Amino acid sequence: MPAITLETNFEGGNLGYYERVGPAHLRLGVKGEKDQDGRNRQANWYSFRVEGATPGQKILFDLVDLPGEYNYRPNRGAITQDTPPVIREDQTSWRHVTDYDYDANEPKLRVRVIPQAAVFWLAHVPPYTNRDLMALEKECQNHPAFQRQIIGKSLGHRPLLLWTIAENAGTASKPTVWLMFRQHSWEAGTSWVAEGAVRALLSEQGAELRRNTIWKIFPLCDPDGVARGGVRFNSLGYDLNRNWDVEDPQRMPEITAQRQAMRDWISQGHRIKLFLSLHNTETAEYLEGPPNPDATTRALAEKLFEKLNQTSFDPSRPLSFSEVSTALGVPGRMTVVQGLARDFGIRGFLMEQRISFHRKFGRLPLPEDRLRFGRELVEVMWQVAHAV
Ligand SMILES: [Zn+2]
């Protein structure tokens, strides 16, 4: 019998190490990443290819090295019984592994797979890479309402993209709706939402959505993290949704470029009516508005929350508003929503969507659910932008 090997030599491929416990039993250390100070370890991305499996014969994978920290508080890790891996075999789409159990003491997630083929892929959630984004962009570029712009380079010299979707884009009197995806590289679910949103905006039925509204989209904010299979930090460890009160083009060019693009747009006389950054969590789903909301912001937030509730968005808590900073008085702890509110008075929102069991779907979410939600999302954003 050939030995089973695990490969990560493809975009987003990542695994810490693995040991053979037996011929069909492997122990895998999830790599995880820490921030610039060696804190806030998060281990919730892995993506690898299994080779040399015997079709029909069960393989055991033990995922370990899971504990971490979030906002400086230690935890047992983001990978639990709620987050089974997804599997893809040749020519099939991603589905969730169904045979697994979690040992909270170690902690360890044990996964059992009976493959149909010698080669298959496992990942934390269905991946969405820079390469996938380039394929989408190539399709979009045939559309006259689509424009792409490179607003800067990441630490790894990858282009930072800004997409504009609008009929006759320039008019400053039209409201702008600004969407942001993939500040955190592990949160691939949001890229599927982005693809659904963009496809809807460029569809025939999307003509009304792009006629009186300018759509600005940061489709993928951490291209380096997505390429290496990172979690939430840029190549130097800076959390890309925390350092929005820091201007440091050397150490966090991603944030600097995104902020500058928004500043330029506003200084050209445009109104950013709504801003939304999309994220994934393991088990929570919610919408959070900007700090210190005035009456107009509250009305906008309530409308948005109410309309979203009619989609597959399935909040685990009521509408909330952000603190002024994630750690008051400590620099480097402002989210994009907090930073944009302080610097530009923008009404920004953060949405988290869970990757675990989803009540409205009655199962774990898959790419087709995210794509559909993207379509629903732009309709809701458009209605709210023109209603309040
Ligand atoms: Zn996030």
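Residues numbered from 1 in each chain as written. Predicted model: local features only at pLDDT ≥ 70, side-chain atom pairs only at ≥ 80, totals over all residues. Heavy atoms only, no water.

Draft legend 1. Spotlight on the overall build of the protein chain. When you go through the protein chain residue by residue, the secondary structure sums to eight helices and 20 strands. In terms of C-alpha radius of gyration, the protein chain reaches 21 Å, essentially the compact-globule figure of 21 Å for 388 residues. Along the three orthogonal principal directions, the C-alpha set of the protein chain runs to about 70 × 50 × 40 Å. Split into buried and exposed, the 388 residues of the protein chain put 59% on the buried side. Pairs at least 24 residues apart make up 74% of the contacts formed inside the protein chain by residues separated by at least 6 positions. (Helix = DSSP H or I, 4+ residues; strand = E, 2+ residues; numbered from the N terminus. Rg over C-alpha atoms; globule rule 2.2 N^0.38 Å. Buried < 20%, exposed > 50% of the residue type's maximum accessible area, 1.4 Å probe, protein only. Contact = heavy atoms within 4.5 Å.)

Draft legend 2. Local environment of the side chain of T297. Along the chain, the position of T297 falls in helix α6 (residues 295–308). Here T297 is in contact with P290 and R347, once residues within four sequence places are set aside.

Draft legend 3. Helix α5 (residues 253–267), seen in detail. With 15 residues, α5 ought to run about 21 Å at 1.5 Å a step, and its terminal C-alpha atoms sit 21 Å apart, in line with that. The set of residues buried in α5 consists of P253, E254, I255, T256, A257, Q258, R259, A261, M262 and W265. Just beyond α5, the residue with positive phi is G269, at close to 95 degrees. (Expected span 1.5 Å × (residues − 1).)

Draft legend 4. Quick look at helix α1 (residues 130–140). Residues of α1 that are buried: N130, L133, L136, E137 and C140. For α1, the arc enclosing every buried residue in end-on projection is 120 degrees, short of the 170-degree limit, so these residues lie on one face. Projecting away from the buried face of α1 at angles above 90 degrees are the exposed residues R131 and K138. Close packing links the buried residues of α1 with β13 (146–153), β14 (159–165), α2 (189–201) and α4 (223–228). (Arc of directions from axis to C-beta.)

Draft legend 5. Representation of the coordination of the zinc ion in the model. Every protein donor of the zinc ion is listed here as H184 (ND1), E187 (OE), E187 (OE) and H279 (ND1), and their distances to the metal cover 2.1 to 2.4 Å. Given the relative accessible area of 1%, H279 is considered buried. (Donors = N, O, S within 2.8 Å, 3.2 Å for Na, K, Ca; no water.)

Draft legend 6. Region of interest: the domain arrangement of the protein chain. Considered domain by domain, the protein chain is made up of domain 1 (5–123) and domain 2 (130–387). For domain 1 versus domain 2, the separation of C-alpha centres amounts to 28 Å. Contact with domain 1, which involves 22 residues of that partner, is made by 24 residues of domain 2. For the pair domain 1 and domain 2, the summed buried surface comes to about 2000 Å²; carbon and sulfur atoms form 53% of the total. Our count for the domain 1 to domain 2 interface comes out at one salt bridge. Between E33 and R228 there is a salt bridge, and its shortest N-O distance comes to 2.7 Å. At the boundary of domain 1 with domain 2, the tally comes to 13 residue pairs in polar contact (both at pLDDT 80 or more). Each residue belonging to the side of domain 1 that touches domain 2 can be placed in one class, and the counts come to six nonpolar, 10 polar and six charged. (Domains from an automatic or database assignment. Buried area = accessible area lost by both parts, 1.4 Å probe. Salt bridge = Lys/Arg side-chain N within 4 Å of Asp/Glu carboxyl O. Polar contact = N/O pair within 3.5 Å; in protein donor to acceptor, adjacent residues only side chain to side chain. Nonpolar A, V, L, I, M, F, W, Y, C, P; charged D, E, K, R; others polar.)

Draft legend 7. Expanded view of the state of the cysteines. On inspection of all chains with the given rule, the structure shows zero disulfides. Unpaired in terms of disulfides, C140 finds its nearest cysteine sulfur in C221, a separation of 17 Å. C140 gets classed as buried once you look at its relative accessible area, which sits at 4%. (Disulfide = S-S within 2.5 Å.)

Draft legend 8. Representation of the sheet that holds β13 within the structure. Within the open sheet, the eight strands sit side by side as β13-β14-β16-β15-β17-β20-β18-β19. Their pairing is mixed. In this open sheet, the two edge strands, each paired with only one partner strand, are β13 and β19 (320–321). (Pairing = 2+ DSSP bridges.)

Draft legend 9. Structural context of the sheet that holds strand β4 (residues 47–51). Taking strand neighbours across the sheet as the criterion, the five strands line up as β1-β4-β12-β8-β9 in an open arrangement whose pairing is antiparallel. At either margin of the open sheet sits one strand with a lone partner, and together these are β1 (5–7) and β9 (95–96). As judged from the four bridges shared by β4 and strand β12 (residues 120–123), these two strands associate in the antiparallel manner. Note on β12: the bridge partner recorded for R49 is W121.

Draft legend 10. Focus on the pairing of β12. Side chains of β12 alternate between two faces, with F120 and L122 and W121 and A123 buried alike. With four bridges connecting them, strand β8 (residues 86–89) and β12 associate as antiparallel partners. What sits directly across from V86, in β12, is A123.

Draft legend 11. Expanded view of the pattern of salt bridges. One pass over the full model with this rule turns up 27 salt bridges. For R112, the salt bridge goes to D101, with nearest N and O atoms at 2.5 Å. With R112 in strand β11 (residues 108–113) and D101 in strand β10 (residues 99–103), the pair connects residues that are 11 residues apart, well separated along the chain. Judged by its relative accessible area of 36%, D101 is partly exposed. With a shortest N-O distance of 2.8 Å, D369 and R363 are connected by a salt bridge. Beyond isolated ion pairs, a larger network of salt bridges with shared partners links E247, R259, R263, R342 and D343.

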